Each structure stands twice: as structure tokens, then as C-alpha cells.
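What follows is each chain in one-letter form.
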Amino acid sequence: MKMKLLPLFLMVLMVFSVAQPIFAGNPQLEDTKIAMKNGEALKDITVNAGDSIELQARLYWYWFSVDDVNATWIPQICRYLDFYVYKSNADGSNGDLVWSDTAITNFFTANANPDEFSLNEKGTYNLLVKYEGKLKHCSAAAKIYVV
């Protein structure tokens, strides 16, 4: 009996994993996301060892802007975003934490700008930006390549 259910379970699991990106493009009311100032996903960056690194992110909330008909992604102000940079392991997972900061989204621009920092060791690093406030929690990730 167990052997007959295993293929069915694996097929259902595969269908949900394939369909997930389709549903991800269809936001629901009160969803949140962390993105660049233009609403696009965080981008990977490449810097030279020892260069000053400036990060910036925005928190967006999916809600009605002016009317109760059309929902849109609205930048959020005065919200705390947590920035973490980890040394990347060989398999791409997070290794040691090398830098972290918290920044609040600006009242006028909605941009969160943590303090500048630098990475002196060449390699790949994982950037993780998280929001864990009163709205729905979310996070975004990107790579930092130090050459």
C-alpha cells in the first residue's frame, strides 16, 4: 500500500513545486515584499575587495492605493528592515555572519539605507534582507561577489 501511494505523493509534490512560481506572480492582499526602489527583485552586486558597499532596499505592501478596486504594491515608510551578509559556503548556503545592520525605511523615499561597510576577503557572500514587523513577514536575498 505504501509503495502505491509514494508515486502519487511525489506527483502531487512535483505539481505544487512547478505551480508555485505561477502563484507567486499573483499577489494577495496584505502580501509584502522587499525589492529595489523600482519594485524589481534585489540584484546581485560585484565589488572589489575593500571597496565601500552601499545597500538599499524598500518594503512594499500589496493593498488598495486610492480606490477600493485596484490593489497595487505600495512602498512602506518607517518600517525596519534587517540586513545580513553571510560568507557563502561551497554549496551556496549561509556560512559565517560577517556583517549586519538594521535600517528604517525613509519617510520621503521609502528607501532603507543601512550603514556602509566593506568586505576585504575575496569570494561570494549571501545578502539577506528581512522584514519582521506588524505586516506579513518577508525576506529577499541576493549575492555579493567580491573580486
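To be clear, the structure that these remarks concern was listed above.
Overview of the structure. Being a predicted model, the structure only gives us computed values, none of them experimental.

Quick notes on the rules
- Residues numbered from 1 in each chain as written.
- Predicted model: local features only at pLDDT ≥ 70, side-chain atom pairs only at ≥ 80, totals over all residues.
- Heavy atoms only, no water.
- Buried < 20%, exposed > 50% of the residue type's maximum accessible area, 1.4 Å probe, protein only.
- Helix = DSSP H or I, 4+ residues; strand = E, 2+ residues; numbered from the N terminus.
- Pairing = 2+ DSSP bridges.
- Axes fitted to C-alpha atoms, helices over the stretch in contact; angles between N-to-C directions.
- Contact = heavy atoms within 4.5 Å.
- Polar contact = N/O pair within 3.5 Å; in protein donor to acceptor, adjacent residues only side chain to side chain.
- Phe/Tyr/Trp six-rings, centres within 6.5 Å; stacked < 30°, edge-to-face > 60°.
- Lys NZ or Arg CZ within 6 Å of the ring centre and 35° of its normal.

Turning next to the pairing of strand β11 (residues 138–146). Alternating positions in β11 separate cleanly, C138, A140, A142, I144 and V146 being buried on one face and S139, A141, K143 and Y145 remaining unburied on the opposite face. For strand β2 (residues 45–47) and β11, the ladder comprises three bridges, and the chain directions are parallel. Note that in β11 the partner of I45 across the bridge is I144. Relative to β11, strand β10 (residues 123–131) runs antiparallel, the two sharing nine bridges. Considered in β11, the bridge of V129 is made with A140.

With that out of the way, let us pick up the sheet that holds strand β7 (residues 94–104). The strand order β2-β11-β10-β6-β7 describes an open sheet built from five strands, whose pairing is mixed. A strand with exactly one partner marks an edge of an open sheet, and here the two such strands are β2 and β7. Taking the axes of each pair of neighbouring strands and ignoring which way they run, one obtains an average angle of 25° across the sheet.

Moving on: the side chain of N111. In this structure, N111 sits in strand β8 (residues 111–112). Looking at N111, the relative accessible area reads 9%, which means it is buried. Apart from residues lying up to four places away in sequence, N111 is in contact with K37, Q56, A57, R58, I104, T105 and N106.

Before going further, it helps to spend a moment on the environment of R79. Here R79 shows up in the loop between β5 (71–75) and β6 (80–88). Sequence separation between R79 and R58 is 21 residues; the distance between their C-alpha atoms is 9.2 Å. In contact with R79, not counting residues within four places along its chain, are L59, A103, I104, T105, Y131, K134 and L135. Among the polar contacts listed, one links the side chain of R79 to the side chain of Y131, at a separation of 3.5 Å.

Let us now look at the environment of K122. Tracing the backbone through its elements, the reader meets K122 in the loop between β9 (117–118) and β10. With relative accessibility at 59%, the residue K122 sits in the exposed group. Note: C-alpha distance between K122 and G50 (72 residues apart in sequence) is 9.2 Å. Those residues in contact with K122, other than ones at most four positions away along the chain, are A49, K87, V146 and V147.

Moving on, we come to the packing of aromatic side chains. One pass over the full model with this rule turns up six aromatic pairs. Their ring planes at 65° and their centres at 5.4 Å tell us that W63 and F64 sit as a pair that is edge-to-face. By relative accessible area, which is 28% here, W63 ends up partly exposed. Seen from their ring centres, F107 and F108 are 5.3 Å apart, and the 90° between their planes marks the pair as edge-to-face. Comparing F107 with F108 shows no difference in burial state: the two are exposed. Directly above the ring of W73 sits K33, whose terminal nitrogen or CZ lies 4.6 Å from the centroid.

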